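# Reading the structure
Residues per chain are reported as follows:
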Amino acid sequence: MEKETLEKASYCLSCPLPRCETACPTKNHIRDFIAAVKKQDMAEAAKVLCQANPFPEFTSLLCDHGRQCQGACIRGLRGEPVSIPQIEKAISEAYPRPYLAGKLNGMKAALIGAGIANLSCAFFLLEKGWKVDIYEKESSIGGAIRTGIPGFRFDKTPLEKVYKDLIALGAVFHFNSEIKELAPLVSSYDAVVLSLGASKENFAGITPENECMGALDFLKDYNEGRLKEETHQAIVWGGGNVAMDAARTAKRIYGNVTVLYRRGREQMPANPCEIEEAEKEGVAFRLLENIIAPVYENGNLVGVNAVNMELGEPDASGRASFHVIEGSEHFIACDRLIFAIGEKPDLALFPSLTLGEGWGTSLPKVYVCGDFRYGTANIARAITDGRELALYLSNEE
């Protein structure tokens, strides 16, 4: 074990009531895996860590630690919090995922979509003795992690290790398989799980055309090498993590990029560290502004009409509401507009399907999981949803 990792673990107070665990969406036993590191027992640390989270190599880099575990750490009240993500990453690098396939129980599951929620579900179903087939319309696993997060922010190579670990446990992958009819699967499996992400972008009633595009498509095009470097003046409309990824990507290929957001910085849903990285890279921010409509000349985008906003009382989300300032309409020049103002599940993929309570749907034996169930959230919630669905299907909720 590296001396630095041991020092980071020794800084933990091993609180009787660990606030970090309460703040962790996966409900990981953080205190206990750090205690195992203190004893230099990395095998035990990995066992404890992976009881709740099969993907520490992802969560250690992608979780919003400042608003979750580290933000609740009691050490942070009078100094620096415990370096939980660095310890988590060290465990994932030092010891393999400690999963074993359970004794086959005669149950079979078809998981549609190979994103993080379904991959988590697969690990726990395999542990419980299920046979698992995973159907994916793309040629590899990862879902939004692969297509939506730019490579300069997150190294995708660990996905290959996840794939190999699932194969070793008995999972069978069916790539380039887009499922359009559920009935054949329902007749062949004991459970069919849909986890297709939140792929329907919000365009605020505006028809995207010409130089207007959704952030998800923009990021996928970048990750798959379909964009080239050109000088453009781009606006990224939104304030979440997708907007930050789009802005940092656009900065690399277009040069001049501004994030426009209708609330203030404190209300931005993006991880604060991602906002800071965007600023360091030269992305500009226009806060308390909102777009009314794109402006075209001769069929080409030349800018947007926008308005200034002011904040009011908290709304249902708990954040300050926002209101248009009368008479504040103005023009902002741009020749690229990237929409990043929200995504939701595309339920039109299966018109006969309606969502029920929890993971259930209107179709027997068909369940929904992850972002496809509740809309865009975070990686920790997706992992947790997949795990809890697997336990539910195994009658161990």
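These numbers were taken from a predicted model, which means no experiment stands behind them. (Residues numbered from 1 in each chain as written. Predicted model: local features only at pLDDT ≥ 70, side-chain atom pairs only at ≥ 80, totals over all residues. Heavy atoms only, no water.)

The subject of this paragraph is the sheet that holds strand E4 (residues 191-194). With parallel pairing, five strands are arranged side by side in an open sheet as E3-E2-E1-E4-E16. Looking at strand neighbours, the two that pair on one side only are strand E3 (172-175) and strand E16 (366-368), the edges of this open sheet. Pairwise comparison of adjacent strand axes, ignoring direction, gives a mean angle of 20° for this sheet. In this structure, strand E2 (residues 131-136) lies alongside E3, joined through four bridges in parallel fashion. Its bridge partner being in E3, glutamate 136 is matched across the sheet by phenylalanine 175. Contacting strand E1 (108-112), E2, E3 and E4, helix H8 (residues 116-127) crosses the sheet at an angle of about 170° to E1. (Pairing = 2+ DSSP bridges. Helix = DSSP H or I, 4+ residues; strand = E, 2+ residues; numbered from the N terminus. Axes fitted to C-alpha atoms, helices over the stretch in contact; angles between N-to-C directions. Contact = heavy atoms within 4.5 Å.)

Our next topic: empty space enclosed by the protein. In the structure shown here, the tally under the stated rule is three cavities of 30 Å³ or more. As a volume, the largest cavity reaches approximately 140 Å³. For the largest cavity, the lining is made up of 16 residues, of which Cys24, Thr26, Ile30, Cys69 and Glu88 are closest to its centre. Along its surface, the second largest cavity is lined by 14 residues, and Cys12, Cys15, Cys20, Cys73 and Val82 are the ones closest to its centre. Among the secondary structure elements, those contributing two or more residues to the lining of the second largest cavity are helix H2 (19-23) and helix H3 (30-38). No other element matches H3, which puts three residues into the lining of the second largest cavity. Looking at the lining of the second largest cavity residue by residue, the classes come out as 11 nonpolar, no polar and three charged. (1 Å grid on protein atoms, 1.4 Å probe; cavity = no way out; pocket = protein on both sides within 12 Å on 5 of 7 lines; lining within 4 Å. Points joined across faces, edges and corners; volume = space filled by probe spheres on them. Nonpolar A, V, L, I, M, F, W, Y, C, P; charged D, E, K, R; others polar.)

Okay, the pattern of salt bridges next. Within this structure, the stated rule accounts for 23 salt bridges. One salt bridge connects glutamate 138 with lysine 220, and the closest N-O pair in it is separated by 2.8 Å. Residue glutamate 138 is found in the loop between E2 and helix H9 (144-148), and its partner lysine 220 is found in helix H12 (residues 215-223); the two are separated by 82 residues along the sequence. Given the relative accessible area of 24%, lysine 220 is considered partly exposed. Here arginine 263 ties to aspartate 315 by a salt bridge, and the two come within 2.7 Å at their closest N and O atoms. (Salt bridge = Lys/Arg side-chain N within 4 Å of Asp/Glu carboxyl O. Buried < 20%, exposed > 50% of the residue type's maximum accessible area, 1.4 Å probe, protein only.)

Space inside the second largest pocket adds up to approximately 350 Å³. Surrounding the second largest pocket, 17 residues form its lining, Ser60, Leu61, Cys63, His65 and Cys273 being those nearest its centre. Of all the elements in the fold, those that place two or more residues in the lining of the second largest pocket are helix H5 (56-62), helix H7 (84-94) and helix H14 (272-280). If you tally residues by element for the lining of the second largest pocket, the top one is H14, at four residues.

Relative to the helices and strands, threonine 59 is located in helix H5. C-alpha of threonine 59 to C-alpha of valine 132: the two residues are 73 residues apart in sequence and 24 Å apart in space. Polar side-chain contacts of threonine 59 include one of 2.9 Å to the side chain of asparagine 53. (Polar contact = N/O pair within 3.5 Å; in protein donor to acceptor, adjacent residues only side chain to side chain.)

With that out of the way, let us pick up a nonpolar patch on the surface. Among the surface-exposed residues, Leu13, Ile74 and Leu77 lie close enough to one another that they form a single nonpolar patch of about 290 Å² accessible area. Residue placement: leucine 13 occurs in the loop between helix H1 (3-10) and H2. (Patch = residues over 30% accessible without salt bridge, like charges linked within 9 Å, V, L, I, M, F, W, Y side chains within 5 Å. Areas by Shrake-Rupley, 256 points an atom, 1.4 Å probe, with all protein chains shown as cover.)

What follows covers the packing of aromatic side chains. Think of a pair of aromatic rings as described by two things: how far the centres are apart, and how the planes are tilted against each other in angle. For the coordinates displayed, the defined rule picks out 14 aromatic pairs. Look at tyrosine 163 and phenylalanine 175: their rings are 5.8 Å apart centre to centre, the planes differ by 45°, and that puts the pair in the tilted class. Remark: phenylalanine 175 occurs in strand E3 and tyrosine 163 occurs in helix H10 (residues 158-169); sequence separation between them is 12 residues. Judged by its relative accessible area of 23%, phenylalanine 175 falls in the partly exposed class. Seen in terms of ring centroids, tryptophan 237 and phenylalanine 339 are 5.6 Å apart; in terms of plane orientation they differ by 50°. Their pairing is tilted. (Phe/Tyr/Trp six-rings, centres within 6.5 Å; stacked < 30°, edge-to-face > 60°.)

What follows covers the sheet that holds strand E6 (residues 212-214). With parallel pairing, the five strands of this open sheet are ordered in space as E6-E14-E7-E8-E9. Each having just a single partner strand, E6 and strand E9 (284-287) make up the two edges of the open sheet. Shown here is a sheet whose adjacent strand axes are inclined to one another by a mean of 25°, direction ignored. Note: strand E7 (residues 232-237) against strand E14 (residues 336-339), four bridges, orientation parallel. Across the sheet, residue valine 236 finds its bridge partner in E14, namely isoleucine 338. H12 rests against E6 and E14 of the sheet, and its axis sits at about 85° to E6.

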